[in-house]
Structure formats: C-alpha cells, structure tokens
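Residue strings, one per chain:
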Amino acid sequence: MKVAFATTWLIMILGPLGTVNGQDLDRALSRVQSAFGPEYRFKVDREDRLVIDLLKQGRPVRQDVVYIEFLDSTAVRWSEQEQAVEMACAEAHGQCIDKEIFHLGTVRHTGRSTLPLPEGRPTDEAVVAMRGLIVAGQARVAGKGLETHRRPDRRK
C-alpha cells in the first residue's frame, strides 16, 4: 500500500515536468515570433530542429534549419553592421546551420545566421527572445535524454 502511494505521488510530482518544458518552448516560440514579426515563421520540428522561414511579401525567401542543441545561446547578439540578430553554432558543432536560399536553389552549411529585423522592431527584445527560445529548446532536448542527432543532408 505504501509503495503504491509513493509511486502515485512520484508520478503526480514528476509527470508534469515533461509538459513544463513543452509549455516553456511554446511560450518562447510565441515571444520570438512576436519580436520578429510576420516576416518570419519560427517552429521546432519533431526532430528538435529550429526551423526559421524568412518571408518577403508572404513568399518564402530563405529557410534556416538547425538542431537546437547545436546552437550557442550566449552567442546571440545584435549585429550593428548587418542590422540583424546574429546566432551561431556552439564551438563543438562548427557549421551546424543549413541555410536554404530558395531563389538560388541551394543549401549552404554555415556556422552563423543573421536574421534582419524589420524597421522599427526593438533589437533588444529580439535578441532576448531568441536566446530564450534556444535555452527553452535545449532544456526540452536535455529532458528527453537524446543522443546527438545524425545531421541530414539537405543539398539539392
């Protein structure tokens, strides 16, 4: 009887932990979407990859795809020179970002990505939101106990 009670208690306490990370990730996605505006679409797919679509006049121009655990949240910053939020791969994962440029029909592997902000968007808010998204995504992956992913080849 005591074992059943203890087990039930543990399930009640520890069970919701998996959903907390999912909720945190959903909130982080909402914040980053709000910070960057309608020119971008952000999502984390089933393989825990961050997928960022850059749109112009509602049409896709570029798509960046990266396993979220390969990013360095401390490297997210505002680039004054490029007028864009810059994110980078963690040192151990070199060129972890696959950047598909639709009008060129190519996929490039790179170690950093720049996300230009539309005029009038607060730069600090975008940087903080992107850092928060990366941290929330990495917490979710760590909670799953996943091993390092095999990187798929997206070249055309």
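Please refer to the structure placed before this passage.
Residues numbered from 1 in each chain as written. Predicted model: local features only at pLDDT ≥ 70, side-chain atom pairs only at ≥ 80, totals over all residues. Heavy atoms only, no water.

**Digging into the packing of aromatic side chains**
We count it as follows: Stacked, tilted and edge-to-face are the three classes assigned to paired rings of Phe, Tyr and Trp, where Trp is represented by its six-membered ring and a pair needs centres within 6.5 Å; plane angles under 30 degrees give stacked, over 60 edge-to-face, the rest tilted. Accessible area is worked out with a 1.4 Å probe on protein chains only. A residue is then buried under 20% of its type maximum, exposed over 50%, and partly exposed in between.
A full pass over the atoms with the stated rule returns four aromatic pairs. Note on Phe-36 and Tyr-40: the rings are 5.2 Å apart at their centroids and 75° apart in plane angle, and the pair reads as edge-to-face. Comparing Phe-36 with Tyr-40 shows no difference in burial state: the two are buried. With a centroid separation of 5.7 Å and 65° between ring planes, the pair formed by Tyr-67 and Phe-70 is classed as edge-to-face. As far as burial versus exposure is concerned, Tyr-67 and Phe-70 are alike and both buried. Pairwise contacts between aromatic rings join Phe-36, Tyr-40 and Phe-42 into one cluster.

**What about the environment of Val-65?**
So the rule is basically this: In this description a helix means any DSSP run of H or I spanning at least four residues, a strand means any run of E spanning at least two, and both kinds are numbered starting from the N terminus.
Residue position: Val-65 is located in strand S3 (residues 59–67). Exposure remark for Val-65: the relative accessible area of 7% places this residue in the buried category. Considering only alpha carbons, one finds Val-65 and Asp-53, 12 residues apart in sequence, at a separation of 8.8 Å.

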